[in-house]
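Structural features, examined
As a plain string of letters, each chain reads:
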Amino acid sequence: VSAPAPAASAAEAAAATATAAPAMDPVLQEIFRKETAGHVAVVRNFIERCGQAVAPYAVTEALHRACHTLSGIAKTAGARQGIKVAEPMEHYVRKLYDNGHGLPEEGLLLLRDTVRSLENVVEHVEEDTGFFPDHGRLIAGWHALERSLDAELARLAEAGERTVAEAARHEEEPFAPPQAE
C-alpha cells in the first residue's frame, strides 16, 4: 500500500529539478565576478568623491558606464538577483546622465547599498530571492527616485514650453518705443 509514495516523491523531485534554475557555468561565473568587482570599484570611487561634495552629485560618464556594465554583465551571466537590482539602478543613472541631472543624496545612499548587494550576489549567485531580503527595498527605492525624476523633467518641459510660447507671443506684438514726456 505504501509503494505509490516513493513514486510520488521521485516525480516531485524530478519536477523540482526541472524547474530549478541551472547552475551558472563556472567560467561565466568567474567573468561575472571579475567584471562586477571592477565596475563596483568605479562606483565606489564615485561614492567616495561625493563625500567631498554636496548633493546633487554630477553623474559622470564613468559612473554611467559602470552602472550600464553592471546591469549588462548580470544579464549576460544570467544572475537573476543581480539583474533585479542592477537594472533599475542603471536605468535611473542613465536617465540622470542623459538629462544632465545630478544624483540626489537619497540616490547616493541607494547606490551605496546597491553595490553592496551586487557584491553579495556575486558571492551567492546561486541563491534565490529569499536570500536577498534587501532587494525589494532597493528596487522600490530606484523606482521611487525615477518617478520623482520623471515628474521633475515633466515640470521643466512644461516651463520650457511656456517660456517659448511667451517669447513667441512677444515677437508677434508690434514694437512700440517708450514715449518721452
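Quick caveat, the model's predicted, so the values are computed rather than measured.

Turning our eyes to something else, we now look at the overall build of the protein. Assigned secondary structure in the protein consists of 6 helices and 0 strands. Ordered by position in the sequence, the α and β elements of the protein form the string α-α-α-α-α-α. Among the 181 residues that make up the protein, the fraction classed as buried is 29%. The contacts of the protein with a sequence gap of at least 6 include a subset with a gap of at least 24, amounting to 78%. For the protein, the accessible surface area stands at approximately 11,200 Å², while carbon and sulfur atoms represent 58% of it.

Moving on to the side chain of S71. The topology assignment puts S71 in helix α3 (residues 61-77). Not counting residues up to four positions away in its chain, the partners in contact with S71 are A86, E87 and E90.

So, about the pattern of salt bridges. The full count for this structure, using the stated rule, is 14 salt bridges. In this structure, R137 engages D113 in a salt bridge whose closest nitrogen and oxygen atoms are separated by 3.0 Å. Note that R137 is positioned in helix α6 (residues 135-172) and D113 in helix α5 (residues 105-123), a separation of 24 residues in sequence. In this structure R137 comes out as partly exposed when scored by relative accessible area, which is 40%. For D113, a relative accessible area of 13% puts it in the buried group. Linked through salt bridges whose partners overlap, the residues forming this network are R112, D113, R116, D134 and R137.

This next bit is on the packing of α5 against α6. Between α5 and α6, whose axes approach to 10 Å, the crossing angle comes to 145 degrees. Judged by the twist between their axes, the crossing of α5 over α6 is left-handed. Within the contact between the two elements, α5 uses E106, G107, L110, L111, D113, T114, S117 and V121 and α6 uses H135, R137, L138, G141, W142 and L145. A breakdown of the residues in the contact of α5 with α6 according to their chemical character gives 6 nonpolar, 5 polar and 3 charged.

Glancing now at α5. Between the first and last C-alpha of α5 there are 28 Å, a value that for 19 residues agrees with the 27 Å anticipated at 1.5 Å per step. For α5, the complete set of buried residues consists of G107, L108, L110, L111, D113, T114, V115, S117, L118, V121 and V122. Where the residues of α5 are buried, they touch α2 (26-50), α3, α4 (80-99) and α6.

This next bit is on the nonpolar core. Counting 27 residues, the largest nonpolar core has V43, F46, L63, M89, L103 and L111 as its most contacted members. Every element with two or more residues in this core is listed here: α2, α3, α4, α5 and α6. In terms of nonpolar packing, the next biggest core, distinct from the first, is built from 10 residues, I73, A74, V122 and F132 among them.

Moving on: the environment of A66. Among the structural elements, A66 can be located in helix α3. Each residue touching A66, except ones within four places of it in the same chain, is listed here: H39, V42 and V43.

A few words now on the environment of E146. Note that E146 resides in helix α6. Put simply, E146 and L96 are 50 residues apart on the chain and 9.1 Å apart in space, counted from C-alpha to C-alpha. Here E146 is in contact with H91, Y92 and K95, once residues within four sequence places are set aside. Reaching out from E146, the side chain makes a polar contact with the side chain of H91 at a distance of 2.7 Å. Here K95 takes part through its side chain, which lies 2.8 Å from a polar atom of the side chain of E146.

Cut-offs and rules
- Along each chain, residues carry numbers from 1 onward, in the same order as the chain's sequence is written.
- Totals for whole chains, interfaces and linings use every residue, but because this is a predicted model, local features are given only for residues with pLDDT of at least 70 and side-chain atom pairs only at 80 or more, for both listing and counting.
- Excluding hydrogens and water, the side-chain figures rest on all heavy atoms present in the structure.
- In this description a helix means any DSSP run of H or I spanning at least four residues, a strand means any run of E spanning at least two, and both kinds are numbered starting from the N terminus.
- Residue exposure (1.4 Å probe, protein chains only): buried if accessible area is under 20% of the type maximum, exposed if over 50%, otherwise partly exposed.
- Pairs of residues are marked as contacts when any of their non-hydrogen atoms sit within 4.5 Å.
- In this description, accessible areas are obtained by the Shrake-Rupley approach with a 1.4 Å probe, and a residue is regarded as covered only by the protein chains that are shown.
- Salt bridges are defined by distance alone: a side-chain nitrogen of Lys or Arg within 4 Å of a carboxyl oxygen of Asp or Glu.
- Between the N-to-C directions of two axes lies an angle of 0 to 180 degrees, each axis being a line fitted to C-alpha atoms and, for a helix, fitted only over the stretch in contact.
- If you view the pair so one helix is near and one far, a crossing is left-handed when the near helix is turned anticlockwise from the far one by less than a right angle, and right-handed when it is turned clockwise.
- In this classification, Asp, Glu, Lys and Arg are treated as charged, Ala, Val, Leu, Ile, Met, Phe, Trp, Tyr, Cys and Pro as nonpolar, and every other residue, Gly included, as polar.
- Expected helix span is computed as 1.5 Å times (number of residues minus one).
- Here, nonpolar core means buried Ala, Val, Leu, Ile, Met, Phe, Trp, Tyr and Cys residues that are tied together by side-chain atoms lying within 4.5 Å of each other.
- Contacts described as polar in this section are N or O atom pairs within 3.5 Å, which, within protein, must combine one atom able to donate a hydrogen with one able to accept it, while residues neighboring in sequence count only if both atoms come from side chains.

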